[in-house]
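# Remarks on the overall topology
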There are 4 protein chains.
Amino acid sequence: MSSIFGQAFKIATWGESHGGGVGVMIDGCPAGIPINEEMIQLELDRRRPGQSDIVTPRKEADACEILSGTFQGVTLGTSIAVLVRNKDARPAAYEEMAVNYRPSHADYTYEAKYGLRNWQGGGRASARETIGRVAASAVAQQVIKSLYPDLEVLAWVKSIQDIQAEVDHETITKEQIESNIVRTGDASKVDEMIDRIKEVRADGNSIGGVVECIVRGCPAGLGAPVFDKLEAELAKAVMSIPATKGFEIGSGFAGTLLTGREHNDAFYMEGDRVRTRTNRSGGIQGGISNGEDIVFRVAFKPTATIMTEQETVNTDKEDSTLKGRGRHDACVLPRAVPMVEAMVNLVLCDHLLRQRGQNGQITMK
Amino acid sequence: MSSIFGQAFKIATWGESHGGGVGVMIDGCPAGIPINEEMIQLELDRRRPGQSDIVTPRKEADACEILSGTFQGVTLGTSIAVLVRNKDARPAAYEEMAVNYRPSHADYTYEAKYGLRNWQGGGRASARETIGRVAASAVAQQVIKSLYPDLEVLAWVKSIQDIQAEVDHETITKEQIESNIVRTGDASKVDEMIDRIKEVRADGNSIGGVVECIVRGCPAGLGAPVFDKLEAELAKAVMSIPATKGFEIGSGFAGTLLTGREHNDAFYMEGDRVRTRTNRSGGIQGGISNGEDIVFRVAFKPTATIMTEQETVNTDKEDSTLKGRGRHDACVLPRAVPMVEAMVNLVLCDHLLRQRGQNGQITMK
Amino acid sequence: MSSIFGQAFKIATWGESHGGGVGVMIDGCPAGIPINEEMIQLELDRRRPGQSDIVTPRKEADACEILSGTFQGVTLGTSIAVLVRNKDARPAAYEEMAVNYRPSHADYTYEAKYGLRNWQGGGRASARETIGRVAASAVAQQVIKSLYPDLEVLAWVKSIQDIQAEVDHETITKEQIESNIVRTGDASKVDEMIDRIKEVRADGNSIGGVVECIVRGCPAGLGAPVFDKLEAELAKAVMSIPATKGFEIGSGFAGTLLTGREHNDAFYMEGDRVRTRTNRSGGIQGGISNGEDIVFRVAFKPTATIMTEQETVNTDKEDSTLKGRGRHDACVLPRAVPMVEAMVNLVLCDHLLRQRGQNGQITMK
Amino acid sequence: MSSIFGQAFKIATWGESHGGGVGVMIDGCPAGIPINEEMIQLELDRRRPGQSDIVTPRKEADACEILSGTFQGVTLGTSIAVLVRNKDARPAAYEEMAVNYRPSHADYTYEAKYGLRNWQGGGRASARETIGRVAASAVAQQVIKSLYPDLEVLAWVKSIQDIQAEVDHETITKEQIESNIVRTGDASKVDEMIDRIKEVRADGNSIGGVVECIVRGCPAGLGAPVFDKLEAELAKAVMSIPATKGFEIGSGFAGTLLTGREHNDAFYMEGDRVRTRTNRSGGIQGGISNGEDIVFRVAFKPTATIMTEQETVNTDKEDSTLKGRGRHDACVLPRAVPMVEAMVNLVLCDHLLRQRGQNGQITMK
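Before going into details, it helps to say that this report is about the structure given with it. The structure presented is a predicted model; accordingly, all values stated were derived computationally and were not measured. Numbers given for residues are sequential positions, taken from 1 along each chain in its written order. Each chain gets a letter, beginning with A, and each ligand a number, beginning with 1, in the order they are written. Two thresholds apply to this predicted model, a pLDDT of at least 70 for residue-level local features and 80 or more for giving and counting side-chain atom pairs, whereas whole-chain, interface and lining totals are computed over all residues. Water and hydrogen atoms were dropped before computing side-chain values, which therefore reflect all heavy atoms in the structure.

### Observations regarding the relation of the copies chain D and chain A
- We place the copies in one frame by least squares, fitting the C-alpha atoms of every residue whose pLDDT is at least 70 in both. Once turned by 180° and shifted 0.0 Å along the axis, chain D lies on chain A with an RMSD of 0.0 Å. Considering both components of the superposition, the chain copies are consistent with a two-fold axis. If distances are taken from each C-alpha of chain D to the rotation axis, the shortest is found for D:Gly357, at 1.7 Å.
- Any pair of residues with heavy atoms lying within 4.5 Å of one another is described as a contacting pair. By residue overlap, the copies meet face to face through one surface: 100% of the interface positions of chain D are interface positions in chain A.

### Some thoughts on helix α5 (residues 190–202) of chain C
Residue and element names in this part refer to chain C.
- A run of H or I in DSSP counts as a helix once it spans at least four residues, and a run of E counts as a strand once it spans at least two, with each numbered from the N terminus. What a helix should span is 1.5 Å times the count of its residues minus one. Given a rise of 1.5 Å per residue, 13 residues ought to cover 18 Å, and the 18 Å separating the end C-alpha atoms of α5 matches this to within 8%.
- When accessible area is computed with a 1.4 Å probe and restricted to protein chains, residues below 20% of their type maximum are described as buried, those above 50% as exposed, and intermediate ones as partly exposed. Buried within α5 we find Val190, Met193, Ile194, Arg196, Ile197 and Val200. Buried residues of α5, viewed axially, fall in a sector of 160°; they line one side. Across α5 from its buried face, at more than 90 degrees, point the exposed residues Asp191, Glu199 and Ala202.
- Once α5 finishes, Gly204 follows within two positions and takes phi at roughly 70°, a positive value. Working definition: the arc comes from the directions between the helix axis and the C-beta atoms, pointing outward to the latter.

### Observations regarding the interface of chain A and chain B
- The partner chain B presents 107 residues to the 107 residues of chain A that form the contact.
- Buried area adds together the accessible area that both of two parts lose upon being put together, with accessible area traced by a 1.4 Å probe. Here chain A meets chain B over a buried area of about 8500 Å², counting both sides, of which 59% is carbon and sulfur.
- Here, a salt bridge means any Lys or Arg side-chain nitrogen found within 4 Å of an Asp or Glu carboxyl oxygen. Here chain A and chain B share eight salt bridges between them.
- Residue B:Lys236 pairs with A:Glu233 through a salt bridge whose shortest N-O separation is 2.7 Å.
- Nitrogen and oxygen atoms within 3.5 Å of one another constitute a polar contact, given that in protein one can donate a hydrogen and the other can accept it, and given that sequence-neighbouring residues count only through two side-chain atoms. Taken together, the links from chain A to chain B amount to 48 residue pairs in polar contact (both at pLDDT 80 or more).

### Quick look at the packing of aromatic side chains
- Any pair of Phe, Tyr and Trp rings, taking the six-membered ring for Trp, is counted once the centres come within 6.5 Å. Such a pair is stacked with planes under 30 degrees apart, edge-to-face with planes over 60 apart, and tilted for the rest. All chains considered together, the criterion is met by 32 aromatic pairs over all chains.
- For the pair C:Phe253 and D:Phe253, a centre-to-centre distance of 6.1 Å together with 65° between the ring planes defines the contact as edge-to-face. You can see C:Phe253 sitting in the loop between β11 (244–249) and α7 (260–263) and its partner D:Phe253 sitting in the loop between β11 (244–249) and α7 (260–263), one on each of two chains.
- Its relative accessible area of 16% is what places D:Phe253 among the buried residues.
- With a centroid separation of 5.7 Å and an interplanar angle of 65°, the aromatic rings of C:Phe267 and D:Tyr108 are classed as edge-to-face. Here D:Tyr108 lies in helix α2 (residues 107–114) and C:Phe267 lies in strand β12 (residues 267–270), a pairing that spans two chains.
- Note on C:Phe267: relative accessible area 0%, which makes it buried.
- For D:Tyr108, a relative accessible area of 10% corresponds to the buried category.
- By the ring-pair criterion, three or more aromatic residues cluster together here, those being A:Tyr101, A:Tyr108 and B:Phe267.

### Details of the interface of chain D and chain A
- Contacts between chain D and chain A engage 13 residues on the former and 13 residues on the latter.
- A buried area of about 870 Å², summed over both sides, lies between chain D and chain A, and 45% of it is on carbon and sulfur atoms.
- Considering only the side of chain D, the residues that lose the most area to chain A are D:Arg356, D:Gly357 and D:Gln358, jointly responsible for 54% of the buried surface there.
- Run the count over chain D and chain A and you get zero salt bridges.
- Linking chain D with chain A are eleven residue pairs in polar contact (both at pLDDT 80 or more).
- Any residue outside Ala, Val, Leu, Ile, Met, Phe, Trp, Tyr, Cys, Pro, Asp, Glu, Lys and Arg is labelled polar, Gly included; the first ten of those are nonpolar and the last four are charged. Taken together, the residues of the side of chain D that touches chain A sort by class into five nonpolar, seven polar and one charged.

### Brief notes about a negative patch on the surface
Residue and element names in this part refer to chain A.
- Taken together, the side chains of Asp191, Glu192, Asp195 and Glu199 define an acidic patch exposed on the protein surface.
- You can see Glu192 is positioned in helix α5 (residues 190–202).
- For Glu192, a relative accessible area of 40% puts it in the partly exposed group. Residues with no salt bridge and a relative accessible area higher than 30% make up the patches, which join like charges within 9 Å and nonpolar side chains (Val, Leu, Ile, Met, Phe, Trp, Tyr) within 5 Å. Each accessible area value is a Shrake-Rupley result obtained with a 1.4 Å probe; residue values ignore everything except the protein chains displayed when judging cover. Charge counting treats Lys and Arg as positive and Asp and Glu as negative, with His and both chain ends excluded. Where a charge lies is defined by one atom per residue type: Lys uses NZ, Arg uses CZ, Asp uses CG and Glu uses CD.

### Things to note about the packing of helix α6 (residues 230–239) of chain B against helix α8 (residues 333–359) of chain B
All names here are of chain B.
- Orientation of α6 relative to α8, taken along the N-to-C sense of each, is 145°, at an axis distance of 9 Å. In terms of crossing hand, the pair formed by α6 and α8 is right-handed. Every residue of α8 that contacts α6 at Leu230, Glu233, Leu234, Ala237 and Val238 is listed here: Val340, Met343, Val344, Val347, Asp350, His351 and Arg354.
- Classifying every residue of the contact of α6 with α8 by side-chain character gives eight nonpolar, one polar and three charged. In this analysis an axis means a line fitted to C-alpha atoms, helices contributing only their contacting stretch, and an angle means the value between N-to-C directions, from 0 to 180 degrees. Rotating anticlockwise by less than a right angle from the far helix to the near helix defines a left-handed crossing, while the corresponding clockwise rotation defines a right-handed one.

### Things to note about the nonpolar core
- Nonpolar cores are built from buried Ala, Val, Leu, Ile, Met, Phe, Trp, Tyr and Cys residues. Side-chain atoms within 4.5 Å join them into one set. Counting residues in each nonpolar core, the largest one holds 177 residues, and the members touching the most others are A:Phe9, A:Phe296, B:Phe9 and B:Phe296.
- If near-sequence neighbours (up to four positions away) are discounted, A:Phe296 is found in contact with A:Val211, A:Glu212, A:Cys213, A:Leu234, A:Val238, A:Phe247, A:Glu248, A:Ile249, A:Val340 and A:Val344.
- If you look at the next biggest cluster of nonpolar residues, it comprises 176 residues, including C:Val143, D:Phe247, D:Leu333 and D:Ala336.

### With respect to the side chain of C:Asn264
- Among the secondary structure elements, C:Asn264 is positioned in the loop between α7 and β12.
- At 2.8 Å, the side chain of C:Asn264 and the backbone oxygen of D:Ala304 are in polar contact.
- Not counting the four nearest positions on each side in its chain, C:Asn264 is found in contact with C:Thr278, D:Pro103, D:Ser104, D:Thr303, D:Ala304, D:Ile306 and D:Gln310.

### Things to note about the pattern of salt bridges
Residue and element names in this part refer to chain A.
- Tallied over the full model, the rule gives 120 salt bridges over all chains.
- Ionic pairing is found between Asp186 and Lys189, a salt bridge with its closest N-O pair at 3.9 Å.
- Overall, the relative accessible area of 9% leaves Asp186 in the buried class.
- Using a relative accessible area of 21% as the deciding quantity, one classes Lys189 as partly exposed.
- One network of salt bridges, with partners in common, ties together Glu43, Arg46, Lys174, Glu178, Arg183 and Glu341.

### What about the relation of the copies chain A and chain B?
- It takes a turn of 180° to lay chain A on chain B, together with a shift of 0.0 Å along the axis; the resulting RMSD is 0.0 Å.
- Comparing contact sets, 100% of the residues at the interface of chain A also lie at the interface in chain B, consistent with an isologous, same-surface contact.

### Overview of the environment of B:Ala202
- By the element assignment, B:Ala202 lies in helix α5 (residues 190–202).
- Once the C-alpha coordinates of B:Ala202 and B:Ala330 are considered, the two residues, 128 residues apart in sequence, prove to be 9.1 Å apart.

### Let's talk about the sheet that holds strand β4 (residues 64–68) of chain C
All names here are of chain C.
- The five strands are arranged β1-β2-β3-β7-β4 in an open sheet whose pairing can be described as antiparallel. Strands at the two margins of the open sheet, each flanked by one partner only, are β1 (4–5) and β4.
- In terms of strand pairing, β4 meets strand β7 (residues 80–85) through four bridges, oriented antiparallel. Its bridge partner lying in β7, Glu65 is registered against Leu83. Two strands are said to pair when DSSP picks up at least two bridges between them.

### Observations regarding the state of the cysteines
Residues and elements named next belong to chain A.
- Note on terminology: pairs of cysteine sulfur atoms within 2.5 Å are recorded as disulfides. If you walk through the whole model with that rule in mind, you get zero disulfides over all chains.
- With no disulfide partner, Cys213 has as its closest neighbouring cysteine sulfur the one in Cys218, 11 Å distant.
- Judged by relative accessible area, which is 0%, Cys213 ranks as buried.

The structure is reproduced here in structure tokens:
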């Protein structure tokens with residue numbers, strides 16, 4: 001279903017950017033996992049608007065409330081619900097959108113599908129929808145931690161437009177990424193990236209970029225054959241984040257230029273652990289993790305809302321023009337980092353529980 | 001579940017490369033759709049081994065049998081099952097793999113997950129698994145045709161290693177693609193591509209490339225908000241095909257270099273139809289089709305099986321070596337074309353029925 | 001999943017009897033359906049505590065808030081969330097249950113499953129959980145009404161302990177049922193039933209009974225072969241309501257005493273409509289509705305909470321005793337009526353959308 | 001979906017009574033479980049036609065073939081497919097049904113739903129469909145055995161029409177049940193039951209009855225809150241078997257006559273095990289097993305096919321008559337016993353894996 005995700009660890013989200021609030025219900029969470037509002041708030045704060053001067057200034061504390069599913073600080077095993085109220089909604093800023101479709105937004109397609117839409121702030125197509133994902137991911141992280149304390153999901157901004165970060169996958173830390181407001185892993189590119197975003201915003205324009213993500217400490221054996229291959233699940237998960245245009249794992253598109261002899265990852269023993277010399281597979285082979293770092297990249301397009309008059313059509317199906325208003329990110333990348341991590345945590349938590357359900361934990365180390 | 005795909009038009013597949021056979025069960029297919037074994041066979045013949053001298057010589061007619069779900073040439077509305085027997089299995093060719101993990105294959109990961117594996121020919125990780133998908137897609141195509149006769153899914157080889165095909169999306173036809181054994185859309189590159197494949201094969205090596213796919217005549221309104229965005233569903237669908245490493249839609253990774261002003265697709269009226277001047281969105285906005293061509297690309301890695309001795313480890317967890325044997329594709333691209341089309345047909349058929357179920361057909365044109 | 005129900009019209013519920021609140025998220029609801037809080041409140045008021053002097057005196061207005069999914073009074077097609085806050089929670093009344101398992105309650109089994117439980121008021125096993133079902137059903141009713149305005153779901157109390165109501169299925173109306181606080185369909189038994197409930201309550205005891213339900217105006221063709229037979233879906237739906245012990249459709253258990261010659265429902269034409277002379281099938285044949293009234297009965301056990309000291313064990317696994325406290329129904333039947341109707345509406349709405357998705361509406365009249 | 005069942009242990013079935021064959025695909029089965037065709041055949045032989053002189057004489061060996069999912073005698077963890085060919089199909093016996101709807105059969109409802117039907121032998125509504133269930137159950141039994149060797153599912157004929165068997169739940173064995181062709185648990189009623197069936201059949205008539213089922217050795221903690229309560233899942237599972245009219249668990253409908261004081265199951269300690277003095281709950285409280293025997297009953301109607309001319313309508317929507325032909329059971333009860341057991345095994349296996357996935361096995365003893 002369109003707002004439900006996962007099989008064993010299943011989440012159901014709701015909420016428009018303008019309305020009573022956004023939230024998530026989680027079904028299938030193990031019992032006895034420590035969860036509280038502070039844990040969830042930490043993650044929500046990483047995605048919330050107004051967190052720095054390069055993101056949208058919409059003022060939302062995004063304070064969360066756990067409505068159900070926990071007792072005395074731990075999960076009950078029954079469904080968990082988390083709610084975040086909308087506070088700083090300004091529907092007036094969107095009145096023009098009531099009759100004009102914003103280019104490269106979802107206004108026209110929602111109307112084509114449903115015959116109507118909530119034109120106040122993007123409705124369900126707003127990035128505000130991702131609050132439910134991030135809140136659920138905070139819970140998923142605790143489940144993962146209870147089973148695999150060493151598993152770590154780490155994403156960073158790999159590029160802003162043509163500014164490429166060089167990041168050492170072995171040594172990069174969450175602290176380094178969070179130490180700069182653009183959330184890149186290359187300290188030497190921070191200023192350039194920030195300047196570029198501000199410059200583009202000042203021009204009423206927008207830009208995109210690439211998020212890179214690794215998963216360290218993932219046990220071998222996660223994922224599944226055929227349709228639910230781990231890379232396929234990750235691809236769907238991150239391609240469901242607003243503004244994404246591409247996904248590649250391991251060698252990715254560049255890998256198509258190599259020969260098999262160059263591309264194959266030779267196995268060798270490192271102590272009692274099976275390792276590969278290279279990691280063009282990106283940590284997944286045949287849809288199942290092999291214990292190496294999972295590595296992938298996600299392309300985000302330039303934000304569709306720009307402060308420039310653009311050609312469009314209106315709801316009477318006449319040619320028209322529209323100029324962006326409202327408060328928006330000129331570049332979604334800094335806030336996309338926690339969204340990507342959130343989707344990865346959800347996928348991994350789901351597959352950890354699926355693997356335990358089907359095969360127990362015996363084969364996973 | 002790992003071998004079940006789709007929500008409204010749901011398929012369940014089974015079968016290893018060496019065993020009784022491979023097949024598919026389809027649940028939720030509309031009643032009264034004309035289906036017969038010849039229709040299915042046509043699609044199976046496009047993916048079968050031995051179809052040309054640049055693919056694996058394994059001799060499989062891949063003759064299908066409809067076991068249930070049709071009566072007097074049309075679907076009954078109840079579950080359909082299609083079976084293809086394995087004929088030319090040669091388990092002896094795989095005995096060495098019983099103890100050695102093939103690099104960049106699924107041998108090690110299946111064993112990590114399940115504690116055992118069918119080492120005869122790749123088991124469920126064999127490309128032979130895709131027979132079920134292609135057979136189901138032949139049925140899906142008939143359903144689509146009954147609802148949207150003009151909808152057309154068309155894939156071709158966009159590149160083999162660094163050999164790039166130039167393809168005009170407006171004019172390319174299935175006949176042009178099927179007229180050459182490599183299934184590219186650029187007649188001027190056919191010989192070069194074929195030569196490259198043969199050359200690499202003669203060297204015991206392998207190569208990869210990119211498949212491009214368009215969907216023409218897709219109604220606006222297909223897809224869904226949030227998790228089941230049409231591009232997310234397509235991403236999962238094609239990233240579940242063996243050997244895929246990347247997916248990008250519309251502007252894709254290159255789109256991250258543009259600004260919003262360059263990237264946005266302006267709307268205009270063409271008669272009574274809403275159109276966009278450009279199509280960097282790739283036919284999908286906010287997860288829902290906008291009526292323009294859906295356009296995406298899929299990266300396929302070089303085939304993992306190569307006829308060269310490679311470093312690996314064995315089931316006793318000792319360093320070892322292995323040289324490829326058996327009959328394999330040196331390049332999967334020609335056979336990947338129908339596999340990509342199959343997954344797209346399955347996704348579109350599923351979403352057509354989902355849209356009809358939820359919203360009727362009134363908003364779709 | 002344990003708190004998710006339905007396929008095409010899917011609901012996800014949350015909430016304990018003591019906690020932030022209870023609610024429901026609905027996914028897959030058609031767009032453009034008129035919905036508001038008053039409509040939902042009407043149904044919630046039929047199930048709420050304190051509605052009459054034969055039900056639990058817990059003071060809950062059960063006021064609902066639509067958090068998302070509607071705009072200008074109609075559904076958007078995206079996920080709908082409805083929240084009801086808990087007001088009159090009295091956890092102190094349950095402290096004794098923290099250490100003692102209430103007989104024939106879920107205290108022990110929740111702890112066996114999850115290793116812990118929310119002992120304040122029954123947690124997720126409280127009948128308060130059904131608020132989410134009833135709220136979702138109010139939405140489902142509007143969807144059904146938009147497609148089949150004549151379809152009517154009508155339940156009533158068939159018996160309280162041994163007091164049997166005689167109800168004429170042809171003429172019974174909702175007004176008749178709602179005109180008495182016990183919600184029976186036989187005016188001549190109202191006083192006797194009320195007296196029995198009060199008498200039993202005064203004695204600190206409890207009683208059960210049977211709810212009967214009919215669906216009028218259901219089109220032929222709803223339901224599905226094999227596992228999702230309409231009677232199987234209804235059975236699951238109502239057997240998931242707390243305190244149910246049995247389900248029978250049409251002739252039910254008594255039908256096992258007849259021969260086929262007596263039991264079969266002969267077909268005949270009534271104008272252009274296919275009818276059956278009798279309706280021992282209960283409106284469903286082969287899992288699919290035949291256009292006759294759907295008729296079934298549901299057994300509810302006597303409420304487990306009684307104001308008598310009972311033998312039990314405690315969380316230290318020692319023999320113990322416990323006497324009921326708190327505010328409870330001595331007989332759940334009057335409030336069970338809207339719960340049964342709710343589950344039926346959810347099942348029918350789901351199957352209406354499933355049928356439209358798979359087969360369109362052409363074959364349904 | 002209509003022919004897919006289960007969540008963690010999921011089965012997909014296909015096949016009509018007349019066609020290529022019937023079968024099942026199983027997804028999510030743990031790896032390493034010993035399975036072979038003999039094991040499956042043993043269960044199929046208990047449901048097959050022609051097994052005794054009180055069941056249909058249709059000659060079907062129902063020989064099964066495992067098509068995929070096992071290797072060297074154990075499951076691979078990937079999807080398993082099992083096929084049974086149809087042999088003794090006699091479509092000619094059904095030609096009259098092509099134009100006349102059989103009373104109390106699914107002919108009319110399938111046509112109302114799908115616009116057409118396979119009139120040869122009942123198509124998907126034939127009891128032959130249950131082969132897939134029984135084959136999958138043989139696999140489920142092995143999974144259960146690997147986790148809970150002492151868990152035993154035991155069903156028997158409780159009544160044939162008004163002939164009631166008295167069965168001691170403590171001592172009844174599978175051997176006792178299988179020792180008589182009617183599969184009742186009361187040796188003193190075997191002859192009377194057989195005589196009744198033969199007598200009714202000689203008269204061209206049919207009869208029904210009740211199957212009772214217990215599950216011994218079920219761990220506490222199986223099942224789930226709210227919608228997937230274990231009794232709700234069992235109710236759906238058995239009410240999806242052809243010819244069922246009712247389901248009751250524990251005290252069932254008779255329990256509605258008791259007061260809470262009489263009905264509640266007092267807890268006490270038996271060594272270190274929590275037990276209940278009585279078992280009116282039927283082994284399930286709050287939707288979750290409590291470790292006592294699970295006990296329920298299922299009503300089966302008299303077979304719809306009778307050798308008597310009956311009033312009906314034809315496909316031209318005219319009044320007509322029809323007399324049963326073909327080979328049928330005059331009483332389905334003896335063959336219903338393994339069908340009921342099959343559905344219970346499927347539900348329990350599914351919930352065992354769900355519980356292991358969500359909560360590990362720590363809380364289950």
